[in-house]
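Structural overview for review
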Amino acid sequence: MKTLTALALILSAGAASAETLRFGYAQNAAPTVEAMHKFGELVEEKTGGDVTVQFFPDSQLGGEREMVEMLQGGALDITKVSAGLMESFGPVYGIFAMPYLFNDQDHYYKALDDASIMQPVYESTRDQGVVGLAYYNSGARNFYTTKVPVKSLEDLKGLKIRVLQSPTAIRMTELLGATPVAMGQAEVYTSLQQGILDGAENNESALTIARHGEVAKHYSYDAHTRIPDILLIGTMSLDRLSEENRAAVLEAAKESTEFHKSLWDASIESEKAAAAEMGVNFYEVDAAPFREAVAPMYDELDADKKAVVEQIRAAGAQ
């Protein structure tokens, strides 16, 4: 029923204009929502109104995977999803789920702003009908738990931790000694509340936007991954645009990334303050033992992924 309703929504919107791009997205932190809507404004501005963007927010059209599949079929034009999800469409995206890949946020921005690194990643799913336009920061992912705070590697042993539906995230969690449980975001709150999960891993906004801070009171800063969000467009949608309008869409996407950066840090501090008011405690962690535990993952990479890792590490040394 939900799928039929979603299709009715996007078809009615698409009928309004041949150059209306239909953009569906799931629940997101405020800066990301603002950046996506900024993208829409920029597209209209740069095309002189020739192309407009129609938004379908908060999972009206389904989950992230469903919306990627809609792009593939041409039922939707644009979406924004986690690079963790994209690993199942383009294996190179698994690089971003590699633990402790980035030194810090500055290193992360340097690498992801480098077209020589990112353009091949964005193009890696072209034969599946989708390509990347740009990225948005989704922060550093850290562990948070309901009962025992994670202050050391030993504290993770045996805990059932929700992870992204990503083989790389699952492998990381296993090497750290926890039991990975891959599930959609919508199920996490109840699973934490009922004890099905002992914890999860995400940035600070999950504590407030998804209300996980109501049931998980311990948040530990190990910064194991910095997995970007990826702005995607269907190849059918991109190809139907004129060359001039395609260029405008690409330019708008990149400018929306810069806009997002200007909002991100202040937003995270605000989310952290709100989570503290909910009773969440924050802990600094020595990540060195964690890094050592997951080192075998880098030896297991194939040659192509190792090459991308080297590019990213080189960006951090600049």
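A brief look at the structure comes next.

About the cut-offs
Residues numbered from 1 in each chain as written. Predicted model: local features only at pLDDT ≥ 70, side-chain atom pairs only at ≥ 80, totals over all residues. Heavy atoms only, no water. Buried < 20%, exposed > 50% of the residue type's maximum accessible area, 1.4 Å probe, protein only. Helix = DSSP H or I, 4+ residues; strand = E, 2+ residues; numbered from the N terminus. Arc of directions from axis to C-beta. Contact = heavy atoms within 4.5 Å. Expected span 1.5 Å × (residues − 1). Pairing = 2+ DSSP bridges. Axes fitted to C-alpha atoms, helices over the stretch in contact; angles between N-to-C directions. Parallel < 35°, antiparallel > 145°, perpendicular 65-115°, else oblique. Left-handed = near helix turned anticlockwise from the far one by under 90°. Nonpolar A, V, L, I, M, F, W, Y, C, P; charged D, E, K, R; others polar.

Brief notes about helix α7 (residues 167-175)
- Restricting attention to buried positions, one finds in α7 the residues Thr 168, Ala 169, Met 172 and Thr 173. Looking straight down α7, one finds its buried side chains confined to an arc of 130°; they lie on one side.
- On its buried face, α7 is in contact with β5 (141-145), β6 (160-163), β7 (179-182), β9 (218-225), α12 (288-294) and α13 (296-299).
- Trailing α7 by a residue or two, Gly 177 shows a phi angle of about 95°, which is positive.

Notes on helix α2 (residues 30-46)
- Spanning 17 residues, α2 covers 24 Å between terminal C-alpha atoms, matching the ideal 24 Å at 1.5 Å per step.
- Taken together, the buried positions of α2 are occupied by Pro 31, Thr 32, Ala 35, Met 36, Phe 39, Gly 40, Leu 42 and Val 43.
- Positive backbone phi, approximately 60°, marks Gly 48, located one or two places after α2.

Here we look at the sheet that holds strand β2 (residues 52-56)
- Taken in spatial order, the 5 strands of this open sheet run β2-β1-β3-β10-β4, and their pairing is mixed. For this open sheet the edge positions go to β2 and β4 (130-136), each flanked by a neighbour on one side alone. Across this sheet, the average inter-strand angle for adjacent strands is 30°, counted without regard to direction.
- Examined bridge by bridge, β4 and strand β10 (residues 229-234) share 6 bridges and lie antiparallel to one another. Each bridged residue has a counterpart across the sheet, and for Tyr 136 the counterpart in β10 is Asp 229.

Section: unusual backbone geometry
- The backbone of Asp 58 sits at a positive phi, close to 55°, despite the residue not being glycine.
- Relative to the elements of secondary structure, Asp 58 occurs in the loop between β2 and α3 (64-73).

A look at the side chain of Ser 220
- As for its placement among the helices and strands, Ser 220 is situated in strand β9.
- With residues up to four places along the chain from it excluded, the contact list for Ser 220 reads Asn 142, Phe 143, Val 150, Tyr 283 and Val 285.

Re the packing of α2 against helix α11 (residues 243-277)
- For the pair α2 and α11, the least separation of the axes is 8 Å and the interaxial angle reads 150°. By the angle class used here, α2 and α11 are roughly antiparallel. Of the two elements, α2 crosses α11, and the hand of that crossing is right-handed. Contacts from Pro 31, Thr 32, Glu 34, Ala 35, Lys 38, Phe 39, Leu 42, Val 43 and Lys 46 in α2 reach Ala 248, Val 249, Glu 251, Ala 252, Ala 253, Glu 255, Ser 256, Phe 259, His 260, Leu 263, Trp 264 and Ser 267 in α11.
- Residue composition of the contact of α2 with α11, by class: 12 nonpolar, 4 polar and 5 charged.

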